[in-house]
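# Observations on the three-dimensional arrangement
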Amino acid sequence: MGKGKETKSLPITMGNRGDHEKENKSPITRKDAEASSSLAKVVSNDALTKVRPKTPARVTPLTIRIPSSITSPLSPTADVFQLPQHISALPTDINLTRSLFSTLSLTPPFSPHLPPPFSPHLPPPPAWQHPPHSDSGVTAVVKQLGYISLRLRHAVVLDVSANLAIRLTNNLKNSSMSLSACTTQMALVHPKGRILQYGNRVEVQTEDEVSVKNAKIYPRGISFTANNMALVYLLDEAGARSTSDMFHDLYATQISDTLFMESCQREGQAVPTCIRLLDKARYWRTEAGVDCWVIGHVFIQQTEDGLVTVERELQHGDNFVLKTSPSNGKVKFDSRFVQITASLGDESHMFLRSGDRRLHYSGQTKVFTVRNAGHSAGFDEKGELRIF
């Protein structure tokens with residue numbers, strides 16, 4: 001018993017046999033012979049006889065006698081232990097038989113593309129903590145939230161909702177792009193920065209050891225600032241000057257996932273629509289080794305090195321292109337309104353163009369530059385304001 005707990009023992013009293021019989025003795029109800037059933041008037045008491053219990057007879061055990069001339073080969077009393085004919089092909093050498101069965105594995109064979117089963121009480125094997133990148137096959141499933149998840153090679157995942165919202169995720173390079181169903185909103189998450197488009201406005205945010213830099217492209221021009229600056233600057237046709245503006249913190253949430261989930265059609269026939277889209281999907285492989293899929297109005301391609309290109313064409317002719325590369329971390333988004341590229345490595349950068357407005361950020365030198373109407377301004381390597 002644990003400490004701090006008290007246990008009370010209850011005495012148990014046993015009554016004598018007489019008391020027990022009194023308690024269990026049920027009252028006997030006497031009925032008048034005249035008030036009994038009519039059976040008493042027809043059958044007399046003398047005619048009633050007592051039924052004596054019958055004594056069961058002993059049953060002799062059944063024995064099967066085998067003639068002495070017949071001897072079972074498996075009987076322990078047989079003179080010679082003989083094997084049946086259907087297993088007579090086994091080697092007679094006991095050492096050879098023992099070595100033969102010792103090399104057989106009792107565990108089921110596993111495909112190299114499928115992880116072995118593991119107990120929920122044990123951690124998964126280290127080799128299967130992350131999905132295989134280049135050797136795994138392509139799978140497509142319909143999620144309960146109302147979108148199709150297409151798992152491509154090299155850990156690239158494409159999600160297409162019932163209303164054709166798109167999310168392209170590159171798990172190897174930690175990048176993701178999303179396009180809303182109405183195609184007026186776009187979000188990009190990349191190690192070199194984040195971009196959010198909503199309508200005719202585009203916001204950019206980059207973070208490095210020098211400062212956190214923000215910029216917004218909108219019809220008036222380009223406004224930009226940094227967390228080590230007290231002012232916000234505007235670059236328009238007249239040049240650069242101070243202004244007042246507000247910027248979203250694009251690192252506060254996972255903007256790519258948020259945009260995609262808000263664009264998904266969650267009510268109504270979302271899941272059945274995705275099932276129909278997946279049933280009607282088409283696939284083929286070109287002579288150059290490019291895998292191609294068509295899901296609704298979305299065209300997907302993946303080359304042998306893992307580069308994925310996703311195109312969505314609208315009825316009035318607008319085309320939206322999303323690209324991601326698991327080998328070098330490059331991403332690209334192309335539409336009539338905005339063009340975006342970003343990459344990693346020695347040429348790591350982020351570039352955005354919308355009309356005659358441009359923004360460039362160098363991941364190597366940390367230089368942040370905006371251009372508009374022939375004017376340039378931004379922040380240099382030390383994070384100080386520069387007007388070019």
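Look up: the structure comes first, before these words.
Our subject in this report is the structure included herewith. (Residues numbered from 1 in each chain as written. Predicted model: local features only at pLDDT ≥ 70, side-chain atom pairs only at ≥ 80, totals over all residues. Heavy atoms only, no water.)

## Here we look at the environment of Ile300
To be explicit about the condition: Helix and strand labels come from DSSP, where a helix needs a run of H or I of at least four residues and a strand needs a run of E of at least two; each type is numbered from the N terminus. Two residues qualify as a contact provided that any one of their heavy atoms is within 4.5 Å of a heavy atom in the partner residue.
Looking at the secondary structure, you find Ile300 in strand β15 (residues 298–302). Ile300 sits 17 residues away from Tyr283 along the chain, and the two C-alpha atoms are 9.4 Å apart. In contact with Ile300, other than residues within four places in its own chain, are Leu152, Leu158, Asp291, Cys292, Trp293, Ile295, Val308, Thr309 and Val310.

## What to know about the environment of Arg194
For clarity, the cut-off: Classification of residues uses two cut-offs on accessible area relative to the type maximum, computed with a 1.4 Å probe and protein chains only: under 20% is buried, over 50% is exposed, and between them is partly exposed. Polar contacts here mean pairs of N or O atoms no more than 3.5 Å apart (in protein, one a potential hydrogen donor and the other a potential acceptor; neighbouring residues in sequence count only if both atoms are side-chain atoms).
With respect to the helices, strands and loops of the structure, Arg194 is situated in strand β7 (residues 193–198). For Arg194, a relative accessible area of 11% gives the class buried. A distance of 2.8 Å separates the side chain of Arg194 from the backbone oxygen of Thr253, its partner in a polar contact.

## Thoughts on the sheet that holds strand β6 (residues 185–190)
Rules: Here, a strand pair is defined by DSSP locating no fewer than two bridges between the strands. Axis lines are fitted through C-alpha atoms, for helices just across the contact stretch, and the angle between N-to-C directions can take any value from 0 to 180 degrees.
Pairing in this open sheet of twelve strands is antiparallel, and the strands run β1-β2-β3-β4-β5-β6-β7-β8-β9-β10-β11-β12 from one edge to the other. Two strands lie at the open edges of the sheet, namely β1 (139–143) and β12 (239–243), each paired on one side alone. Geometrically, the sheet is characterised by an average inter-axis angle of 15° between neighbouring strands, direction not taken into account. Sheet topology places strand β2 (residues 147–151) next to strand β3 (residues 156–161); five bridges connect them, and they run antiparallel. Bridged to Ser149 within β3 is Asp159. Relative to β6, helix α4 (residues 255–263) is tilted by about 150°, and along the sheet it contacts β2, β3, β4 (166–170), β5 (175–179), β6 and β7.

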